[in-house]
Amino acid sequence: MWMTIGERRFALTLADTEAARAFAAMLPLTLDMEELNGNEKKTDLPNALPTDTYRPGTIRNGDLLLWGSRTVVIFYLTFDSPYSYTRLGRVDDPAGLAQALGRRGVRVVFSRD
């Protein structure tokens, strides 16, 4: 799976979860994501996805997670978090992800190819 931000393209590996399979079934998907907390971009999906929450403890640069059942979040910094998420996937090589996402809202395209 791929995530495209402007001219930058990042390979993503989906997690082996029902939520990830449901997310992949929605592709291709263009999402306008808003900045949150200086470490993530988020947006709400039109439909809820299945959840299987866990507390990762440490969020990693490149994590693609689901908060609640509808909020997709892509993280571009590594930090500790007490929140629970459902794993969707991970950017294979997150080098340059923070720069590509920037500090404002951004359009992100998720696709199979």
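Refer to the structure printed above.
Everything quoted here is computed from the prediction, not taken from an experiment.

Caption draft 1: Highlighting the overall build of the chain. When helices and strands are counted, the chain shows two helices and 10 strands. Reading the chain from its N end, one meets helices and strands in the order β-β-α-β-β-β-β-β-β-β-α-β. Here the C-alpha radius of gyration of the chain, 13 Å, is about what a compact globule of 113 residues would show, namely 13 Å. Principal-axis analysis of the C-alpha atoms gives the chain an extent of 30 × 30 × 25 Å. Looking at the chain as a whole, 42% of its 113 residues qualify as buried. Restricting to contacts in the chain with at least 6 residues of sequence separation, those with at least 24 account for 64%. Counting every atom, the chain has about 6000 Å² of accessible surface; 47% of that belongs to carbon and sulfur. The distance from the centre of the 14 positive side-chain charges to the centre of the 14 negative ones in the chain is 2 Å.

Caption draft 2: Quick peek at the packing of aromatic side chains. If you walk through the whole model with that rule in mind, you get three aromatic pairs. Residues Phe23 and Phe110 carry aromatic rings whose centres are separated by 5.3 Å and whose planes lie at 80° to one another, so their mutual orientation is edge-to-face. Taken together, the residues Phe23 in helix H1 (residues 18-25) and Phe110 in strand E10 (residues 106-111) connect sequence positions 87 residues apart. Accessibility assignment for this pair places Phe23 and Phe110 in one class, buried. Judged by centre distance (5.6 Å) and plane angle (85°), the rings of Phe75 and Tyr85 are edge-to-face. With a gap of 10 residues between them, Phe75 in strand E7 (residues 71-75) and Tyr85 in the loop between strand E8 (79-80) and strand E9 (86-91) connect regions that are remote in the sequence. On the basis of relative accessibility, which here comes to 0%, the residue Phe75 falls in the buried class. Aromatic ring contacts, followed pair by pair, group Phe75, Phe79 and Tyr85 into a single cluster. Taking the ring centre of Trp2 as reference, the NZ or CZ of Arg9 above it sits at 4.1 Å.

Caption draft 3: Fine view of the layout of surface pockets. Space inside the largest pocket adds up to approximately 210 Å³. Leu36, Asn37, Glu40, Tyr83 and Tyr85 are, among the 16 residues lining the largest pocket, the residues nearest its centre. Every element with two or more residues in the lining of the largest pocket is listed here: strand E4 (40-44), E7 and E8. Grouping the constituent residues of the lining of the largest pocket by class yields eight nonpolar, four polar and four charged.

Caption draft 4: Inspection of the nonpolar core at higher detail. Membership of the largest hydrophobic core comes to 27 residues, with the highest contact counts inside it found for Met3, Ile5, Phe23, Leu64, Leu97 and Phe110. If we ignore the near neighbours within four places in the chain, the residues touching Met3 are Arg8, Arg9, Phe10, Leu12, Ile74, Val91, Leu97, Val108, Val109 and Phe110. Grouped together as the second largest cluster of nonpolar side chains are five residues, Leu65, Val73, Phe75 and Tyr85 included.

Cut-offs used in this document
- Residues numbered from 1 in each chain as written.
- Predicted model: local features only at pLDDT ≥ 70, side-chain atom pairs only at ≥ 80, totals over all residues.
- Heavy atoms only, no water.
- Helix = DSSP H or I, 4+ residues; strand = E, 2+ residues; numbered from the N terminus.
- Rg over C-alpha atoms; globule rule 2.2 N^0.38 Å.
- Buried < 20%, exposed > 50% of the residue type's maximum accessible area, 1.4 Å probe, protein only.
- Contact = heavy atoms within 4.5 Å.
- Areas by Shrake-Rupley, 256 points an atom, 1.4 Å probe, with all protein chains shown as cover.
- Lys, Arg positive; Asp, Glu negative; His and termini not counted.
- Charge placed at Lys NZ, Arg CZ, Asp CG, Glu CD.
- Phe/Tyr/Trp six-rings, centres within 6.5 Å; stacked < 30°, edge-to-face > 60°.
- Lys NZ or Arg CZ within 6 Å of the ring centre and 35° of its normal.
- 1 Å grid on protein atoms, 1.4 Å probe; cavity = no way out; pocket = protein on both sides within 12 Å on 5 of 7 lines; lining within 4 Å.
- Points joined across faces, edges and corners; volume = space filled by probe spheres on them.
- Nonpolar A, V, L, I, M, F, W, Y, C, P; charged D, E, K, R; others polar.
- Core = buried A, V, L, I, M, F, W, Y, C linked by side-chain atoms within 4.5 Å.

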